[in-house]
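Chain by chain, the residues:
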Amino acid sequence: MNKVIPVVKPYLPAEKKYNSYISKIFESQWITNSGPLHDEFEARLAKTLNVRSVILVSNCTLGLQLSYKALNLSGNVITTPFSFAATSSSLAWEGIQPNFSDIDRNDWNIDFREIEKNINDQTSGILGVHVYGNPCNVNEINKLATKHNLKVVYDAAHAFGIKLNGESLLNHGDISILSFHATKALHSIEGGGIIVNDPKVEEKIRSMINFGITEKGGISEIGINAKMNEFQAAMGLCLLDDFKKIIKKRKNIHNLYKDILCDRLFYQKWNKDSSNNYSYFPVLFSSEDDLIASLKELNKKNIFPRRYFHPCLDSLPIYKDALNVGNSKIAEDISSRVLCLPIYPDLDTKDVEKICNILLKSIP
Ligand SMILES: *Cc1c(COP(=O)(O)O)cnc(C)c1O
């Protein structure tokens, strides 16, 4: 029986290391509400990422929702259908219509040239996704936002540590939101981080994540509970300690895939001014039939890559009343042919070779 190889596997730090952080929790007896580890994680994240500050939250999805509230988004928001469910659902959950806009054929991010024609008088913002960590065209999106008086939010769930021209990608737009879910490159079991440009908006979000309670103890906003607890922060700190090692291992796997697969498959065009965190290894087949045939062969050997992102979000019946449904032909095409191959720090190089061999044999 072949061992199971999933597409991603959560990184677990040395048990001893995690326990040393947990011992601190038992000493402080502080388990949630801005405890010492929470504050340490926030401070170290801001320093590591080179951003003004990071607001920790219980997950990225709530972080997205809080951001729309804090920026007073309403009506509709331009977004990409080529993303994870949470990108569009977070809008709809807040009563905002997703306004779908197609992606670029090469970098697979929302295409700034498509955005403008979809803007109407109810449009309040642009929600981009740095797909697989590859930066959106932040300068062109910023120009459009200024011209049309729109807010810009980035779903940066994949973009931990990404630098564009040597500076943090997360400083672009009004707000960026990271995900620290177990499957992401840096995780805190569940969790998220909000990076806000305007300190006033930051203050608002900080109260909103704790029922609207302000530093002085009053209630100034309609809030929710989106706090990160000490046990999650402990895991996040462990991952930060190990992050250089994690990236190195991911990079080795990424390079090995590239070396073996070469030009037998197609790849996302990476922004040449950007770093990579090697969170995903997406490959593009010539046709959906080729993808399905290869996937079948891999599954037979207990290897489970993921059709991510598939299907295109605007094809879901739940969005039948959203704007510009069915107009994103490129997103639909890429989504039908893209497959994310297994990549995680302790994936064996032998297994990578095995995956490649099965793939090379199965594609025509
Ligand atoms: C993982 C992911 C999310 C959701 O993150 P959570 O922390 O699980 O809420 C949102 N958007 C994208 C693109 C993701 O990959």
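Caption draft 1: The overall build of the protein chain, seen in detail. For the protein chain, the count of helices and strands is eleven helices and 13 strands. Taking 2.2 N^0.38 as the reference for a compact globule, 364 residues should give roughly 21 Å; the C-alpha atoms of the protein chain span a radius of gyration of 21 Å, in line with that estimate. Taken along its principal axes, the extent of the C-alpha atoms in the protein chain is 65 × 55 × 35 Å. The 364 residues of the protein chain split such that 54% are buried. Within the protein chain, counting contacts between residues at least 6 apart in sequence, those at least 24 apart form 71% of the total.

Caption draft 2: How the structure looks around the site of the ligand. The local shell around the ligand holds 15 residues, among which Thr-61, Asp-155, His-158, Ser-179 and Lys-184 are the closest. Protein contact buries 93% of the 390 Å² of open area that the ligand shows by itself. For the shell around the ligand, the secondary-structure elements that each account for two or more residues are helix H3 (60–70) and helix H4 (85–93). Taken together, the residues of the shell around the ligand sort by class into five nonpolar, eight polar and two charged.

Caption draft 3: How the structure looks around the environment of His-310. Among the structural elements, His-310 can be located in the loop between strand E12 (303–304) and helix H10 (329–337). Once the C-alpha coordinates of His-310 and Leu-291 are considered, the two residues, 19 residues apart in sequence, prove to be 12 Å apart. Not counting residues up to four positions away in its chain, the partners in contact with His-310 are Glu-288, Ser-335 and Ser-336. Side-chain polar atoms of His-310 contact the backbone oxygen of Ser-335, separated by 3.2 Å.

Caption draft 4: Seen up close, helix H8 (residues 230–261). For H8, the principal kink sits at Asp-242 and spans about 60°. Sitting at the head of H8, Asn-229 places a side-chain oxygen 2.9 Å from the backbone nitrogen of Phe-231.

Caption draft 5: Region of interest: the layout of surface pockets. The calculated volume of the largest pocket comes to roughly 540 Å³. What lines the largest pocket is a set of 21 residues, and nearest its centre among them are Arg-206, Ser-207, Ile-213, Thr-214 and Glu-215. When contributions to the lining of the largest pocket are tallied by element, the ones reaching two or more residues are helix H2 (36–49) and helix H7 (199–208). Broken down by element, the lining of the largest pocket gets its largest block of residues, five residues, from H7.

Caption draft 6: Highlighting the environment of Ser-279. Relative to the helices and strands, Ser-279 resides in the loop between H8 and strand E11 (281–284). When the C-alpha atoms of Ser-279 and His-187 are compared, they prove to be 12 Å apart, with 92 residues separating the residues in sequence. When near neighbours in sequence (up to four residues on either side) are disregarded, Ser-279 contacts His-158, Ala-185, Arg-250 and Ile-343. At 2.9 Å, the side chain of Ser-279 forms a polar contact with the side chain of Asn-277.

Caption draft 7: Inspection of the side chain of Asp-155 at higher detail. Topologically, Asp-155 is positioned in strand E6 (residues 151–155). Here Asp-155 sits buried without a salt bridge, and the closest side chain of opposite charge, Lys-184, lies 7.5 Å off (N-O distance). A polar atom in the side chain of Asp-155 sits 2.9 Å from the side chain of Thr-87. Those residues in contact with Asp-155 that lie beyond four places of it in its chain are Cys-60, Leu-64, Ser-83, Thr-87, Leu-127, Gly-128, Val-129, His-130 and Ile-177.

Caption draft 8: How the structure looks around the nonpolar core. Phe-41, Leu-45, Phe-160, Phe-180 and Leu-186 are the most contacted members of the largest nonpolar core, which has 50 residues in total. Of all elements in the fold, only helix H1 (15–28), H2, helix H6 (138–148), E6 and H8 reach the threshold of two or more residues within this core. Each residue touching Leu-186, except ones within four places of it in the same chain, is listed here: Phe-41, Leu-45, Phe-160, Ser-179, Phe-180, Leu-239, Leu-240 and Phe-243.

Caption draft 9: Spotlight on the pairing of strand E4 (residues 97–100). When strand E3 (residues 76–79) meets E4, the two strands line up parallel, connected through four bridges. Note that in E4 the partner of Ile-78 across the bridge is Asn-99. Chirality of the crossover, the property in question, places the unit of E3, H4 and E4 among those that are right-handed.

Caption draft 10: View of the pairing of E3. On E3, burial covers both faces: Asn-76 and Ile-78 on one face and Val-77 and Thr-79 on the other are all buried. By the bridge criterion, four bridges tie E3 to strand E5 (residues 123–129) in an arrangement that is parallel. Paired with Val-77 across the two strands is Gly-125, which belongs to E5.

Caption draft 11: The arrangement of empty space enclosed by the protein in detail. A complete count under the given rule lists one cavity of 30 Å³ or more for this structure. As a volume, the largest cavity reaches approximately 50 Å³. Lining the largest cavity are Ala-157, His-158, Ala-159, Phe-160, Ser-179, Lys-184, Ala-185, Leu-186, Asn-277, Ser-279 and Tyr-280. Looking at the lining of the largest cavity, its residues break down into six nonpolar, four polar and one charged.

Caption draft 12: H3, seen in detail. Summarising burial for H3: nine of the eleven residues are buried, a large majority. Among all positions in H3, only Cys-60, Leu-62, Gly-63, Leu-64, Gln-65, Leu-66, Ser-67, Tyr-68 and Ala-70 are buried. Where H3 starts, the residue carrying a side-chain oxygen 3.1 Å from the main-chain nitrogen of Thr-61 turns out to be Asn-59. Positive backbone phi, approximately 55°, marks Asn-72, located one or two places after H3.

Cut-offs and rules
Residues numbered from 1 in each chain as written. Predicted model: local features only at pLDDT ≥ 70, side-chain atom pairs only at ≥ 80, totals over all residues. Heavy atoms only, no water. Helix = DSSP H or I, 4+ residues; strand = E, 2+ residues; numbered from the N terminus. Rg over C-alpha atoms; globule rule 2.2 N^0.38 Å. Buried < 20%, exposed > 50% of the residue type's maximum accessible area, 1.4 Å probe, protein only. Contact = heavy atoms within 4.5 Å. Near = heavy atom within 4 Å. Areas by Shrake-Rupley, 256 points an atom, 1.4 Å probe, with all protein chains shown as cover. Nonpolar A, V, L, I, M, F, W, Y, C, P; charged D, E, K, R; others polar. Polar contact = N/O pair within 3.5 Å; in protein donor to acceptor, adjacent residues only side chain to side chain. Bend = angle between axes of the 7 residues up to and from the residue. 1 Å grid on protein atoms, 1.4 Å probe; cavity = no way out; pocket = protein on both sides within 12 Å on 5 of 7 lines; lining within 4 Å. Points joined across faces, edges and corners; volume = space filled by probe spheres on them. Lys, Arg positive; Asp, Glu negative; His and termini not counted. Salt bridge = Lys/Arg side-chain N within 4 Å of Asp/Glu carboxyl O. Core = buried A, V, L, I, M, F, W, Y, C linked by side-chain atoms within 4.5 Å. Pairing = 2+ DSSP bridges. Right-handed = clockwise from strand over helix to strand, strands pointing away.

On their own, these measurements won't tell you what the molecule is for.
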